[in-house]
Amino acid sequence: MIKERLKDLVERAFEQARFDKKMGELTECPEPVVIEQPKLPEHGDFACGIALKLARHARSSPIQIANILAEYINQTPETMNGSITKVEVANPGFINFRLGTTWLTDVIKEIHIRKEDFGRDTVGGDKKVLIEYVSANPTGNLHIGHGRGAVLGSCLSNLFAFAGYKVEQEFYVNDAGAQIASLGNCAFACYQRKLGKDVEYPSDGYPEESLIEYVDQVIEQYGSQFLSLTGDEAAVTVGNATKKIIQEHQEKLLERLGIKFDRWFSESSLHAQNKVDEAMQILTDNNFTYEADGALWLKAKELGDERDRVLKKSTGDYTYLANDAAYHLDKFNRGYDLMINIWGADHHGQVPGLKAVVKALGFDSEKLQVLLTQIVNLNRDGKAVRMSKRRGTVVMLDEVMDEVGVDAVRYFLAESNPNNPINFDLELAKKQKRENPSFYIQYAHARCSSILRKAVEPSIDRESGEERPAPLTAEMFEQFKQEYGSSDSDPNLFLAVFDEDPDKFIHQKNLIMRLQALPEEVRDAAVNWQPGRLSHYAYELANTLQKFYEESQVIIPDNLPVMKARLGLVMATRQVLANALKIIGVSAPDRM
RNA sequence: GCGCCUGUAGCUCAGCGGAUAGAGCACCCGCCUUCUAAGCGGAUUGUCGAAGGUUCAAAUCCUUCCAGGCGCGCCA
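Residues numbered from 1 in each chain as written. Chains lettered and ligands numbered in written order. Predicted model: local features only at pLDDT ≥ 70, side-chain atom pairs only at ≥ 80, totals over all residues. Heavy atoms only, no water.

### Structural notes on the sheet that holds strand β1 (residues 35-36)
Reading across the sheet, the four strands line up as β1-β2-β4-β3 and stay open at both edges, with antiparallel pairing between neighbours. Where the open sheet ends on each side, the last strands, each with one partner, are β1 and β3 (84-90). Two strands pair when backbone bridges link them, and β3 and strand β4 (residues 94-99) are joined in this way by six bridges, in the antiparallel orientation. Residue pairing for β4: lysine 86 is matched across the bridge by arginine 98. (Pairing = 2+ DSSP bridges. Helix = DSSP H or I, 4+ residues; strand = E, 2+ residues; numbered from the N terminus.)

The structure is reproduced here in structure tokens:
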């Protein structure tokens, strides 16, 4: 990483200056050295603002400190040998670096060496992370809001894995309790009605239309054998069969979205093993419960919540919080370093309760973090379609996937900041144009692939109609590919990508500068839990590639060194686009 | 009333302690005999919701206020 090399350079300069007593009373660098990329080209390729931060500590002016550091930097081998061509001090005290071309071409080589691992990081330190997401009730189809949580969880998992965490992905299935009982009643009623019995459909349950497709499958699988059942047994049996089918639907749909969970954790399994009772016992043993009004309460208020919470109702039933206590007891006992739950923002009111119960169980609640996702608004034909279960205008995830495609769904749900509501424009997501970023990035990848194909394909001369031979034989290209990532190939191989013409050079350089940024983008995204940054990065890279493409011919049969170097650059670009796309789970097509 | 989230270009949003606040859309003007014009370039656009404060430096951090969304059950 270029930034790390520069950081190292500045740190060494500081140490030497300090050794020579030119840093006042300072015994060590009191501020982290940060290398940034200036917005303006006249500020150089990279810049360091450390002098501004040191001014107070060293009781000196930023400019003066910057000048001293620059003086030492100028004596290092990197500036002596031309890796850095210019070190400049600028007001109010920035040190600006201008790079020579060798550090840039090193980047291309590194990408060829590391390939799909370019950008991979170790910040995670092999820590074990559990990410629990979607966790929808198995009582119906998933809607677009579930999709948002699904994509965020999936991207975060990919990102964390790439950043050096050990990630597990889990779906918590709420397959017990009141809503399941209601499902059973509705499903059985629907079942009977489908099979010709004139019974009334429950008025307060799930809408019959939302259940009918699943009940059809129950009939397909089991026939009419459940008609003879009555009462609770009927509801439970048909309910379970329906539940199973719904869960399979959810599983398939999420798989289509590119999501595969390591574990589907069933709530009813907790009940079957008396895990909820166990959890309650621990809470009571730890003296965090009391009884009042015939109910069992958690002393949540003294654990940071705004009020106490009921664990066991006066009816004898457990609340969701009691079940969650048992579930999270299980999670904590599995020994993760970090557990992330992804919830819809409408559930944020439960966060303090869950945190409180975790504390009461005797665990470090900091290890459990809840990430909230805001609402998804859909625009169709310029009009906002608002999600509302009541009004039955919920837009289903599979509908959107069918309409705009899996890649666009993933891109638009991944790209946003979870704290902000999304305005998902269905028309935009379908467009095969630059204005659709999802398309634009894939197009850039396909364009790279296309150029690489052209290198070994014969072409037709437009004027004469004659066939021209392929610029390279397959064998030669293979040979090139070997050299690109080989440690003993010509170190100046990639210098040929550059043009003398500054108008062309700038785009060639910009492309490489973008490429080299992937590792830090991955790291920033990982430490901030914002996989969406990679979407923006990929978009910018795509844009930079297009500009390069406009200015720089790659396939030049009569200039082998330049063609060789640029093919290597295009390959590297394709690789980096693919690596970024992989994290957000969008496919990287070779043709469009 | 209390809590959480959000207020940045006409629209959708990046940026979240650094040098003249950025993209895309929309609008206007250019560019196809050349590896995908499914593209590229140029022009225009701002009291960064408001007021105080901290800092050499604030869209970014703190406080207060204003506006919008969501949540405040022995529902999940």
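Right, picking up where we left off after that structure.
### Here's the deal with the pairing of strand β13 (residues 376-380)
For β13, the tally of buried residues reaches four of five residues, placing the bulk of the element in the interior. Bridge analysis of β13 against strand β15 (residues 422-425) gives four bridges, and the strand direction is parallel. Across the sheet, asparagine 377 pairs through a bridge with asparagine 423, a residue of β15. (Buried < 20%, exposed > 50% of the residue type's maximum accessible area, 1.4 Å probe, protein only.)

### Comments concerning the nonpolar core
Ranked by size, the top nonpolar core spans 131 residues in total, and within it Phe97, Phe424 and Leu567 carry the most contacts. In terms of residue count, helix α22 (residues 560-584) provides more of this core than any other element does, 14 residues in total. Taken together, domain 1 (2-99) and domain 3 (437-584) each give at least three residues to this core, which thus spans both. In this structure phenylalanine 424 touches Val376, Asn377, Leu378, Asn379, Val400, Val404, Ala408, Val409, Phe412, Leu413 and Ala429, once residues within four positions along its chain are discounted. Judged by nonpolar contacts, the second largest core, of 34 residues, contains Leu303, Met339, Trp343 and Leu368. (Core = buried A, V, L, I, M, F, W, Y, C linked by side-chain atoms within 4.5 Å. Domains from an automatic or database assignment. Contact = heavy atoms within 4.5 Å.)

### A word on the packing of helix α17 (residues 437-454) against α22
As a packed pair, α17 and α22 sit with axes 9 Å apart at the nearest point and diverge in direction by 145 degrees. Here α17 and α22 pass one another in a crossing that is left-handed. Residues Ile441, Ala444, His445, Cys448, Ser449, Ile451 and Leu452 of α17 form the contact with α22, whose participating residues are Leu567, Val570, Met571, Thr573, Arg574, Leu577, Ala578 and Leu581. (Axes fitted to C-alpha atoms, helices over the stretch in contact; angles between N-to-C directions. Left-handed = near helix turned anticlockwise from the far one by under 90°.)

### Some details on the pattern of salt bridges
Inspection of the entire model under this criterion finds 30 salt bridges. Between arginine 263 and glutamate 168 there is a salt bridge whose closest N-O contact spans 2.8 Å. In this pair, arginine 263 sits in strand β7 (residues 263-266) while glutamate 168 sits in strand β6 (residues 166-173), placing the two residues 95 residues apart along the sequence. Close ionic contact of arginine 334 with glutamate 170 constitutes a salt bridge, the shortest N to O distance being 2.7 Å. In this pair, arginine 334 sits in the loop between α12 (320-333) and β11 (338-344) while glutamate 170 sits in strand β6, placing the two residues 164 residues apart along the sequence. Each of Glu168, Glu170, Arg263, Asp330 and Arg334 takes part in one network of salt bridges that share partners. (Salt bridge = Lys/Arg side-chain N within 4 Å of Asp/Glu carboxyl O.)

### Remarks on the domain arrangement of chain A
Parsing chain A into structural domains produces domain 1 (2-99), domain 2 (178-249) and domain 3 (437-584). Placing a centre on the C-alpha atoms of domain 2 and another on those of domain 3 gives a separation of 56 Å.

### What to know about the pairing of strand β5 (residues 128-132)
Of all five residues that make up β5, four are buried, and the element is covered over most of its length. Summarising the sheet, β5 and β6 pair through five bridges and their orientation is parallel. Each residue of the ladder has a partner; that of lysine 128, found in β6, is lysine 166. For the crossover that starts at β5, traverses helix α6 (residues 144-162) and ends in the parallel β6, the hand is right-handed. (Right-handed = clockwise from strand over helix to strand, strands pointing away.)

### Some details on a negative patch on the surface
Where like charges cluster on the molecular surface, the negative patch consists of Asp501, Asp503, Glu550 and Glu551. Residue placement: aspartate 501 occurs in the loop between α18 (474-484) and α19 (502-516). We classify aspartate 501 as partly exposed; its relative accessible area is 32%. (Patch = residues over 30% accessible without salt bridge, like charges linked within 9 Å, V, L, I, M, F, W, Y side chains within 5 Å. Areas by Shrake-Rupley, 256 points an atom, 1.4 Å probe, with all protein chains shown as cover. Lys, Arg positive; Asp, Glu negative; His and termini not counted. Charge placed at Lys NZ, Arg CZ, Asp CG, Glu CD.)

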